[in-house]
Each structure stands twice: as C-alpha cells, then as structure tokens.
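Notes for the structure review
Listed here are the chains, written in short residue letters.
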Amino acid sequence: FIPEGDDMDSTKNAVGGKKMSAKVKGYLILFALVFVSWLIFKILTPDNFGSPENMLSYFQASLIASAGAVGFYFVLVMGMFDFSIGAAIILASIIGCKLAASMGLGYMGLIGGCLIAGAIIGILNGVFYIKLRIPSMIVTTGLALIYEATANIIAGGVEQTLPSDLRMFGQMPGNLILALLTFAAAYFILNYTKIGTYTYAIGSNEFIAKNMGINVNKYKILAFVISGIFFGIMSILTISYGSSMVAVTGMASMSRNFIPTMGCFFGVAFKKYGMPIQAIILGEFMINIIFYGFVALGAPTAIQDVITGFALLIIITLTTKINKG
C-alpha cells in the first residue's frame, strides 16, 4: 500500500522526523561527551586547561588525526583492519618532505608526494590482503615493517625537516581548509557514490553483497586505496604541524595508530545515527581534550595511557549496540 496526497506528505515528514531525531540524539551524545571531558579537567586544573585559546589548539591538533580516521573508516566498516597506519604516515611524510625541500618542488612536491605515496601504500595493502587471503591485521603488520625500512632508506637516517615557508597546512587557516575539504570528500564518497553504497553493503553482509553481483575484492582494494590517500592528507597535516619527521624501526610506528583508530571507532559506533564522519571529528576532538587534560595535570605517560584507554573503551561500549540472535 502506497499512500497518496496528504498521506504521502505526512509519511515523508514522519520518516524525515525520525531520521532527524536520530541525528539530533547522536549530536547530543557527542557534544555531551565532549563537554563532560572538558568539564572534568577544567575542574581539576582550572588555570592551565580549557581556555578558548587552548580549545582552539586542541581542535587544530585533532584535525590531523581526523583526516586519516575518515579514510580508515572505509576499511574498518568493511570489517578489515590496518596496523600500518603509523608507518604509512611516516613514509608518506618523509617522501613529501624530500620532494618539497631536497628536490625543490615546494608545495607540489609536498602534496603530490604524500598523496601518491599514500595511494601506493593503500594499493599494496589491498592487493596483498586479497591475494594472500590472510587476515588484514597480519598483512598490514608485515607491510608496516617494510614501510618503516623504506622510510629509513629514503631518509638516510637523518631527520627530515620541512622548511618554514612550506608549513601553510600546519596552522590556521590552511589546516582547517584542507581538513574541511577532506571531510567533505569523505562525506560525498560515502553518501553519493557507488563506492559508499557498496562499502556499507559489504560491511553489512559480505555474502549477500557477493550474491548481489558486487565485486567484493575490488571494493576492498578500493577501500584501502581511499584510506591510503586520506593517510597521505594526514601526512601533509602531520609534518606541516610538527615541522619534521624521523624514520623509525621495530614497529615503533605503531604508536601513531592509536588516535586515528580510536576516532574511527566513534564513526562506527555512531553509524546508526547516520553521522559517522561527524562522530569521527568530534570523537578525535574529545580524545585530544582528554590527552591535553592529562598533560595539564602532569600525569605520568603510563597513567595517561591506561586511563585514556579505559575511558575510550567505556565510551565505545556505551555507544555501540550489540545485536543478539
């Protein structure tokens, strides 16, 4: 039965109202989490935390991880994982810096080098995952070691520093403009392209997606490629903000995996509200508030990691509904 006339309009409004109320609920939860995080540390250390200038600084720092997290969402929502995020950021940053400074290509070298390196890393992750037919965590862990070694060879054991006249994306408004373009691109791909539709279809039920005629392997590789390109953007923001990058070995790059991954979990948790990209952005902001709150308190790094980890696990548990049966 299909309603017509006024009944059809009222039905559309009712459905639209439900969608809107779900998003409003999602926003209310996110803003409440951000506010509570700020309030706790503001009460504990009122003098050196949470001023408007501080909050702007925290937000700018969160933009870096958010740019990578919105790309990683394409991989995570399909049920795959990536342990090479940190190694990818380091390698892409060093390549971009080399092309921009050492080879004198300026912003063209920085942007092109980071994006192309990220795309190649994504292709390698996707192809090796599909061809080897082993869990993505194992594949990307092994590849992370290769990316670290490659970064060391390219850097020659020397810290790579981006010249001061090439750090436009490390401060306002350059970082904000690049981040907004990144978020808009992710939102558009997810909501208005076949890639986004198939990404959710595969993530919901891979078996049914295959029976519908979707080339699952193709779109899994595409997910890694898209993720890699967004990590390339994160690399631009990272080296522009920090001004330098040091190559590491022995999986030391794993420490860079944590923040974008946790932000991405917010996106997965709030997917049911129809706002994964917004949840990632606000989630990363909250993570930075917690991090800088502990810094303001002067808490030891080990205590910071333990409490932050528990806090984020609790938040993700409370905001993720488990389907039974």
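Placed above this text is the structure.
Residues numbered from 1 in each chain as written. Predicted model: local features only at pLDDT ≥ 70, side-chain atom pairs only at ≥ 80, totals over all residues. Heavy atoms only, no water.

**Side note on the overall build of the protein**
Just so we agree on the cut-off: The way it works is that DSSP assigns letters per residue, a run of H or I at least four long becomes a helix, a run of E at least two long becomes a strand, and they are numbered from the N terminus. Only heavy atoms enter the contact rule, under which two residues are in contact if any of them lie within 4.5 Å.
When you go through the protein residue by residue, the secondary structure sums to twelve helices and two strands. Traced from its N-terminal end to its C-terminal end, the protein shows the element sequence α-α-α-α-α-β-α-α-α-α-β-α-α-α. A sequence separation of at least 24 residues applies to 79% of the contacts in the protein between residues at least 6 apart.

**Looking at the side chain of N175**
Applicable threshold: Whenever two N or O atoms come within 3.5 Å, that pair is a polar contact, provided that in protein one can donate a hydrogen and the other can accept it, and provided that, for residues adjacent in sequence, both atoms are side-chain atoms.
Among the structural elements, N175 can be located in helix α6 (residues 174–192). Reaching out from N175, the side chain makes a polar contact with the backbone nitrogen of M172 at a distance of 3.3 Å.

**Some words on the packing of aromatic side chains**
Using the following cut-off: Aromatic contacts are taken between Phe, Tyr and Trp rings whose centres are within 6.5 Å, Trp giving its six-membered ring; a plane angle under 30 degrees counts as stacked, one over 60 as edge-to-face, and the others as tilted. When accessible area is computed with a 1.4 Å probe and restricted to protein chains, residues below 20% of their type maximum are described as buried, those above 50% as exposed, and intermediate ones as partly exposed.
Taken as a whole, this structure holds 19 aromatic pairs when the rule is applied. Relative to Y58, the ring of F49 lies with its centre 5.5 Å away and its plane at 25 degrees, an arrangement referred to as stacked. Like F49, the residue Y58 is buried in the burial classification. Plain terms: the ring middles of Y107 and F169 are 5.9 Å apart, the flat faces sit at 85 degrees to each other, and that makes the pair edge-to-face. Pair noted here: Y107 is in helix α4 (residues 106–132) and F169 is in the loop between β1 (160–161) and α6, with a separation of 62 residues, a long-range link. What makes Y107 partly exposed here is its relative accessible area of 26%. Feature note: the residues F41, F49, Y58, F291, Y292 and F294 constitute an aromatic cluster, connected by ring pairs.

**Points about the packing of helix α2 (residues 52–76) against helix α10 (residues 258–269)**
Worth spelling out the cut-off: Comment: axis = line fitted to C-alpha atoms, over the contacting stretch for helices; angle = value between 0 and 180 degrees taken between N-to-C directions. For this classification, under 35 degrees means roughly parallel, over 145 means roughly antiparallel, 65 to 115 means roughly perpendicular, and everything else is oblique. Handedness of a crossing follows from how the near helix is turned relative to the far one, being left-handed for an anticlockwise turn of less than a right angle and right-handed for a clockwise one. Basically, the charged four are Asp, Glu, Lys and Arg, the nonpolar ten are Ala, Val, Leu, Ile, Met, Phe, Trp, Tyr, Cys and Pro, and anything else, Gly included, counts as polar.
At a minimum axis separation of 8 Å, α2 and α10 run at an interaxial angle of 60 degrees. Relative to α10, the element α2 lies oblique. For the pair α2 and α10, the sense of crossing is right-handed. Residues A65, A69, F72, Y73 and L76 of α2 pack against I259, P260, T261, G263, C264, F265, G267 and V268 of α10. By residue class, the composition of the contact of α2 with α10 is ten nonpolar, three polar and no charged.

**Quick word on α6**
Stated formally: Multiply 1.5 Å by the residue count of a helix minus one, and that product is the helix's expected span. The arc in question is the one spanned by the directions pointing from the helix axis to the C-beta atoms.
Compared with an ideal rise of 1.5 Å per residue, which puts 19 residues at 27 Å, α6 spans 27 Å between its outermost C-alpha atoms and is within 8% of the ideal. For α6, every residue scored as buried is listed here: G174, N175, L178, A179, T182, F183, A186, I189 and L190. Buried positions in α6, seen along its axis, are confined to an arc of 160 degrees and lie on one side of it. In α6, the exposed residues that point more than 90 degrees away from the buried face are L181 and Y192. Those residues of α6 that are buried lie in contact with α2, α7 (194–204), α9 (216–242) and α11 (276–297).

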